[in-house]
Amino acid sequence: MAKKQDLERHPEQLKAEDLSDEVREFLEGETDELPEGTEEITKEEAVEVLVNLYEDTDPKIREYVIRGLKNYKDNEVAEKIMLQATRDNHYKVRLEAIEAIKVNEIKSAVPYLIYRAKNDPENVVKKSAWPV
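To keep things clear, this report deals only with the structure shown in the data block. (Residues numbered from 1 in each chain as written. Predicted model: local features only at pLDDT ≥ 70, side-chain atom pairs only at ≥ 80, totals over all residues. Heavy atoms only, no water.)

### Comments concerning the overall build of the protein
Along the backbone of the protein there are eight helices and two strands. Counting from the amino terminus, the protein carries its helices and strands in the arrangement β-α-α-β-α-α-α-α-α-α. Burial analysis of the protein (132 residues in total) assigns 41% to the buried set. Partitioning the contacts of the protein with sequence separation of at least 6, the portion at a separation of at least 24 is 60%. Of the accessible surface of the protein, which amounts to about 7600 Å², a share of 46% is contributed by carbon and sulfur atoms. (Helix = DSSP H or I, 4+ residues; strand = E, 2+ residues; numbered from the N terminus. Buried < 20%, exposed > 50% of the residue type's maximum accessible area, 1.4 Å probe, protein only. Contact = heavy atoms within 4.5 Å. Areas by Shrake-Rupley, 256 points an atom, 1.4 Å probe, with all protein chains shown as cover.)

### Let's talk about the nonpolar core
It is characteristic of soluble globular proteins that their nonpolar side chains tend to be buried jointly. By size, the foremost hydrophobic cluster in this structure holds 28 residues, and its most contacted members are Y54, V65, I66, L69, Y72, M82 and I101. Contributions of two or more residues to this core are made by helix 3 (43-53), helix 4 (59-69), helix 5 (76-85), helix 6 (91-104), helix 7 (110-119) and helix 8 (123-129). For this core, the leading source of residues is helix 3, giving six residues. (Core = buried A, V, L, I, M, F, W, Y, C linked by side-chain atoms within 4.5 Å.)

### Some remarks on the side chain of T86
With respect to the helices and strands, the residue T86 is situated in the loop between helix 5 and helix 6. You can call T86 buried: its relative accessible area is 2%. A polar contact is formed between the side chain of T86 and the backbone oxygen of L83, at a distance of 2.6 Å. When sequence neighbours within four positions are dropped, the list of residues in contact with T86 reads R94, A97, I101, Y112 and R116. (Polar contact = N/O pair within 3.5 Å; in protein donor to acceptor, adjacent residues only side chain to side chain.)

### Notes on the layout of surface pockets
In this model, the largest pocket occupies a volume close to 170 Å³. As for the largest pocket, its lining consists of I101, K102, E105, I106, K107, V110, L113, I114, A117, A129, W130 and V132. Looking at the lining of the largest pocket, the elements with two or more residues in it are helix 6 and helix 7. If you tally residues by element for the lining of the largest pocket, the top one is helix 7, at four residues. (1 Å grid on protein atoms, 1.4 Å probe; cavity = no way out; pocket = protein on both sides within 12 Å on 5 of 7 lines; lining within 4 Å. Points joined across faces, edges and corners; volume = space filled by probe spheres on them.)

### Side note on helix 7
Every buried residue of helix 7 is listed here: L113, R116 and A117. Seen along its axis, helix 7 keeps its buried residues to an arc of 100°; they face one direction. Within helix 7, the exposed residues directed more than 90 degrees away from the buried face are P111 and K118. Summarising the contacts, the buried residues of helix 7 are in contact with helix 6 and helix 8. (Arc of directions from axis to C-beta.)

### Section: the environment of E105
Following the sequence through the fold, E105 ends up in the loop between helix 6 and helix 7. Separated by 32 residues in sequence, E105 and K73 place their C-alpha atoms 8.6 Å apart.

### So, helix 4
Where burial is concerned, most of helix 4 is hidden: eight out of the eleven residues are buried. Taken together, the buried positions of helix 4 are I61, R62, E63, Y64, V65, I66, G68 and L69.

### Re the environment of R67
Within the element layout of this structure, R67 appears in helix 4. R67 gets classed as partly exposed once you look at its relative accessible area, which sits at 24%.

Fair warning: the whole summary comes from geometry, so function is off the table for now.
Structure representation (C-alpha cells):
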C-alpha cells in the first residue's frame, strides 16, 4: 500500500475510479495508507480528480493539487486552477502556483504574477513572482 507521503510527493498517481471513501479518508488524514491499485492515472482522469480536490479546505491538499497539475502543460482546466491558486489565501499554495506557471510557461499569468510581486503579504511569494 502506498503511504500518504508518497501521494503528497506524487499526487498525479491517483486513479480516478479509486477516489472512494477510503481515498477521501486517506487524504483527510483519517488513515495513513492509500488503498491498493491507486498508483496510476490517465491524464484526463488526473486533471478531473485534482481539480475536484482543489476545493478542499486543507491548504496542504491544495498545494499538492497544484504540484500535480504542474504536469499537465497546455491543459486549459489545469491552467485555470493554477491561475486561481495565485489568489489562494495560503502562501504555500501561491508559491506552488508560481512554480507551476513557470514550468508551464503560462503567458496569461503575467498580470497575476505582477500583482503578487508587488502586493503579496509574504516576501517569499514576492521574491518568487518577480523572476517568473
